Amino acid sequence: MSRIVRAAAIQISPVLGDDGLGTARKVCQTIRDAAEKGVKLAVFPETFVPYYPYFSFIQPAFRFGGEHLALYERAVTIPGPVTDMVAEAARETGMVVVLGVNERDFGTLYNTQIIFDATGDILLSRRKITPTYHERMVWGQGDGAGLQVVESAAGRIGALACWEHYNPLARYALMTQHEEIHCAQFPGSLVGQIFADQMEVTIRHHALESGCFVVNATGWLTEEQISEIARDPALEGPLRGGCFTAIVSPEGKLLGAPLTEGEGMVIADLDFALITKRKRMMDSVGHYARPELLSLLHDRRPARTVHYTGEANPADTAPLRSDGAKS
């Protein structure tokens, strides 16, 4: 009998202007709401906690220093209060949760995707390998160690953020690990309809090429939030559109109507038999691959700014994370 997992792609708006925990509380309530619908996997938008740095898209860098510093103050440490809250909600509901956060590690922010298992344990915390365009003024770079597929209560899960999906080798790195469900995250409320159109092409293509399900979540800004962020009516246009929250089958089919505006969930039952059906015809990392002609070199070593030598126990010399724990 094939396994079936009910998944939800979540499209909601952040909470702006508080201590940074308001959005996390909204995430936890949404997890509980989804659980009432039988959902076992929930995917939230890119850097949703505390919010995506929309300011960096509409303002020049020399003007958004104050807003960048405010994001530092509200950013997430791993582990920390936000991860504790979400872990509790995941454990309480028996749900796998994929959450995008702005992670602070001492003096640098990162675009980070966290995968919580149904037990509340963190299976993966990965950083976007290359921030895009304006984002390079906000976040640091991730490394190849984060390009992992993890075993969860919902299946083998991989995740990428936004334009990482335009890096075919990053996608292939996850494909080689046989992901069954790919969790994609985009900011939403950005660029306009062309962004939504491009997103649809991107996630449907990955589903076909990888032979997996894709659960894609985008954020949403209300009109009031757009005005608050823009501060100038002339800058509001770029903060509309660009939403395409959807779930795609391994055959590239949309499972239900996508959500392109407003808050809500796209929910679908993922029948894993469709993975075998697709891969029987075309398995990009199996019978359809030509490794003697084409192969991928994937450096999975974590990036380090210091390397220790000598007799000391490595655990005693491991670099500290921002919460004081050993890496």
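Residues numbered from 1 in each chain as written. Predicted model: local features only at pLDDT ≥ 70, side-chain atom pairs only at ≥ 80, totals over all residues. Heavy atoms only, no water.

### Some details on the overall build of the protein chain
Then comes step 1: The secondary structure content of the protein chain amounts to 9 helices and 11 strands.
Then comes step 2: The C-alpha radius of gyration computed for the protein chain amounts to 19 Å, which stays within 12% of the reference 20 Å derived for 327 residues, consistent with globular compactness.
Then comes step 3: A principal-axis box enclosing the C-alpha atoms of the protein chain has dimensions of 60 × 55 × 40 Å.
Then comes step 4: Within the protein chain, counting contacts between residues at least 6 apart in sequence, those at least 24 apart form 72% of the total.
Then comes step 5: Summing over all exposed atoms, the protein chain offers an accessible surface of approximately 14,700 Å²; the carbon and sulfur share of this is 54%.
Then comes step 6: Averaging the locations of the 31 positively and 39 negatively charged side chains of the protein chain gives two centres separated by 4 Å. (Helix = DSSP H or I, 4+ residues; strand = E, 2+ residues; numbered from the N terminus. Rg over C-alpha atoms; globule rule 2.2 N^0.38 Å. Contact = heavy atoms within 4.5 Å. Areas by Shrake-Rupley, 256 points an atom, 1.4 Å probe, with all protein chains shown as cover. Lys, Arg positive; Asp, Glu negative; His and termini not counted. Charge placed at Lys NZ, Arg CZ, Asp CG, Glu CD.)

### As for the pattern of salt bridges
Then comes step 1: Scanning all chains against the criterion turns up 19 salt bridges.
Then comes step 2: For lysine 26, the salt bridge identified is with glutamate 263, shortest N-O distance 2.8 Å. In this pair, lysine 26 is assigned in helix H1 (residues 21–35) and glutamate 263 in the loop between strand S10 (246–248) and strand S11 (264–271), connecting sequence segments 237 residues apart.
Then comes step 3: When its relative accessible area of 24% is taken as the criterion, lysine 26 is described as partly exposed.
Then comes step 4: Taken together, the salt bridges that share partners define one network made up of Glu46, Lys128 and Glu135. (Salt bridge = Lys/Arg side-chain N within 4 Å of Asp/Glu carboxyl O. Buried < 20%, exposed > 50% of the residue type's maximum accessible area, 1.4 Å probe, protein only.)

### Examining the UniProt feature "domain: CN hydrolase" (unreviewed entry) in the protein chain
Then comes step 1: Mapped onto this structure's residue numbering, the UniProt feature "domain: CN hydrolase" (unreviewed entry) falls at residues 5–272.
Then comes step 2: Taken as a whole, residues 5–272 contains 28% helix and 25% strand, while its terminal C-alpha atoms sit 8 Å from one another. (UniProt positions renumbered as here; feature names shortened; annotations may be inferred.)

### Quick word on the sheet that holds strand S6 (residues 150–152)
Then comes step 1: With mixed pairing, the 5 strands of this open sheet are ordered in space as S6-S7-S8-S9-S10. Since the sheet does not close on itself, it has two edges, and those belong to S6 and S10, each with one partner. Strand-to-strand twist in this sheet, taken as the mean axis angle between neighbours without regard to direction, amounts to 25°.
Then comes step 2: Strand direction decides the pairing type here: strand S7 (residues 155–161) and strand S8 (residues 181–186), joined by 5 bridges, are parallel. Pairing of leucine 160 across the sheet is with alanine 184, part of S8.
Then comes step 3: Of the strands in this sheet, S7 and S8 touch helix H5 (residues 168–175), which is tilted by about 170° from S7.
Then comes step 4: Each of S8, strand S9 (213–218) and S10 touches helix H6 (residues 193–210); the most contacted strand, S9, lies at about 155° to it. (Pairing = 2+ DSSP bridges. Axes fitted to C-alpha atoms, helices over the stretch in contact; angles between N-to-C directions.)

### A look at the confidence of the model for the protein chain
Then comes step 1: With 94% of its residues at a pLDDT of 70 or more, the protein chain shows a mean pLDDT of 95.
Then comes step 2: When mean pLDDT is compared element by element in the protein chain, strand S2 (residues 41–43) scores highest at 99, while helix H9 (residues 314–317) scores lowest at 56. (pLDDT = per-residue confidence, 0-100.)

### Here's the deal with the sheet that holds strand S3 (residues 96–105)
Then comes step 1: Read from one edge of the open sheet, 6 strands run S5-S4-S3-S2-S1-S11, paired in mixed fashion. The two strands at the open ends of the sheet, each matched to only one other strand, are strand S5 (122–127) and S11. In this sheet, neighbouring strand axes are inclined to one another by 25° on average, regardless of whether the strands run parallel or antiparallel.
Then comes step 2: Sheet topology note: the strand S1 (residues 4–11)/S2 ladder contains 3 bridges and is parallel. Bridge pairing links alanine 9 to valine 43 in S2.
Then comes step 3: Against the sheet, helix H3 (residues 65–74) engages S3 and strand S4 (108–116), with an angle of about 40° to S4.

### Observations regarding the nonpolar core
Then comes step 1: Of all hydrophobic cores here, the largest spans 31 residues; its most connected members are Tyr54, Phe186, Ile203, Val214 and Leu239.
Then comes step 2: With 5 residues, the single largest contributor to this core is H6.
Then comes step 3: Core analysis: the next-biggest nonpolar cluster, separate from the first, contains 27 residues, Ala7, Ala9, Leu41 and Ala217 among them. (Core = buried A, V, L, I, M, F, W, Y, C linked by side-chain atoms within 4.5 Å.)

### Observations concerning the pairing of S7
Two faces belong to every sheet, and in a regular strand the side chains alternate between them.
Then comes step 1: Counting buried residues in S7 gives 6 out of 7 residues, a clear majority hidden from the surface.
Then comes step 2: As paired elements, S6 and S7 share 3 bridges and run antiparallel to each other. Bridge pairing in S7 links serine 152 to glycine 155.
Then comes step 3: Between S6 and S7, which follow one another and run antiparallel, lie 2 residues.
Then comes step 4: Chirality of the crossover, the property in question, places the unit of S7, H5 and S8 among those that are right-handed. (Right-handed = clockwise from strand over helix to strand, strands pointing away.)

### With respect to the environment of alanine 118
Then comes step 1: Within the element layout of this structure, alanine 118 appears in the loop between S4 and S5.
Then comes step 2: Separated by 32 residues in sequence, alanine 118 and valine 86 place their C-alpha atoms 11 Å apart.
Then comes step 3: With residues up to four places along the chain from it excluded, the contact list for alanine 118 reads Ala90, Arg91, Gly94, Met95, Val96 and Ala153.

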